[in-house]
Amino acid sequence: GAVVSQHPSRVICKSGTSVKIECRSLDFQATTMFWYRQFPKQSLMLMATSNEGSKATYEQGVEKDKFLINHASLTLSTLTVTSAHPEDSSFYICSALTGDNQPQHFGDGTRLSIL
Amino acid sequence: GENVEQHPSTLSVQEGDSAVIKCTYSDSASNYFPWYKQELGKGPQLIIDIRSNVGEKKDQRIAVTLNKTAKHFSLHITETQPEDSAVYFCAASKGSNYQLIWGAGTKLIIKP
């Protein structure tokens with residue numbers, strides 16, 4: 001149980017392209033999902049908290065117009081990196097809560113490479 | 001705000017030996033402490049967690065201990081195997097619905 005699927009697993013695209021990453025909870029409903037960014041050999045950095053049916057809450061320093069988050073259903077949240085540039089290249093990971101007072105379960109991440 | 005420190009950054013142990021990773025936290029209001037294992041190119045996988053009303057929790061070869069007074073918690077892996085090689089992260093929060101504050105990670109290497 002508690003499977004989180006993230007797609008795509010890897011994206012390589014040109015600078016200026018917008019990229020959408022999907023995060024799905026496969027066997028449970030997730031009212032809350034989280035989006036993280038991870039640089040090589042570093043810990044996870046929370047970007048935003050996504051709640052179904054409401055606007056995402058972004059962490060300080062994360063541009064909400066750059067990283068668009070949509071959580072339109074209880075099983076799907078999307079992160080769109082708009083007009084991506086090489087500095088946006090990173091490993092993006094989502095997680096989902098299975099319920100109140102339950103742990104976060106993570107997807108397998110998306111490796112984004114902007115040329 | 002909360003700060004979580006994790007040590008060591010790299011740990012190399014002989015297969016079959018035990019491994020211990022330690023974390024300290026600063027916010028006494030934190031009451032939920034998960035441990036995650038991350039393999040190369042994958043997302044973190046929850047391996048064990050503990051809440052502040054419990055001092056120790058065990059799941060087969062993995063155990064976690066919590067000392068609320070000293071504000072530190074530790075991961076213990078016994079009878080280590082090659083598949084235990086990965087990066088391990090500790091985290092703390094004021095409840096599992098809340099933001100996780102992450103340690104810097106420990107790269108565990110199991111030598112055959």
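Structure: above.
The rules behind each value
- Residue positions are given per chain, counting from 1 as you read along its sequence in written order.
- To read the labels, note that chains go from A and ligands from 1, taken in the order they are written.
- The predicted nature of this model means local features are confined to residues of pLDDT at least 70 and side-chain atom pairs, given and counted, to a pLDDT of 80 or more, with totals for whole chains, interfaces and linings taken over all residues.
- Values reported for side chains reflect all heavy atoms of the structure, with hydrogen atoms and water molecules removed beforehand.
- The criterion for a disulfide is a pair of cysteine sulfur atoms lying within 2.5 Å.
- A run of H or I in DSSP becomes a helix once it reaches four residues, and a run of E becomes a strand once it reaches two; helices and strands are each numbered from the N terminus.
- Think of it in three bands: residues with accessible area under 20% of the maximum for their type are buried, residues over 50% are exposed, and the middle band is partly exposed, with areas taken using a 1.4 Å probe on protein chains only.
- Two residues form a contact once any of their heavy atoms are found within 4.5 Å.

Caption draft 1: Region of the structure containing the state of the cysteines. Counted under the stated rule, the structure contains two disulfides over all chains. Bridging Cys23 of chain A to Cys94 of chain A, the disulfide has an S-S length of 2.0 Å. The S-S bond linking Cys23 of chain A to Cys94 of chain A shows a torsion near 80°; that makes this disulfide right-handed. Taken as a pair, Cys23 of chain A in strand β3 (residues 19-25) and Cys94 of chain A in strand β9 (residues 90-97) lie far apart in primary sequence, 71 residues in all. We classify Cys23 of chain A as buried; its relative accessible area is 0%. A relative accessible area of 0% places Cys94 of chain A in the buried class. Across the disulfide from Cys23 of chain B sits Cys90 of chain B; the S-S distance is 1.9 Å. Residues Cys23 of chain B and Cys90 of chain B are joined by a disulfide whose S-S torsion is about -100°; by sign, that bridge is left-handed. Here Cys90 of chain B lies in strand β9 (residues 86-92) and Cys23 of chain B lies in strand β3 (residues 19-25), a separation of 67 residues in the sequence.

Caption draft 2: Representation of the environment of Ser15 of chain A within the structure. All names here are of chain A. Along the chain, the position of Ser15 falls in the loop between β2 (10-13) and β3. Owing to a relative accessible area of 37%, Ser15 belongs among the partly exposed residues under this scheme. It is 4.8 Å that separates the C-alpha atoms of Ser15 and His85, two residues lying 70 residues apart in sequence. With near-sequence residues (within four places) excluded, Ser15 lies in contact with Ala84, His85, Pro86, Ile114 and Leu115.

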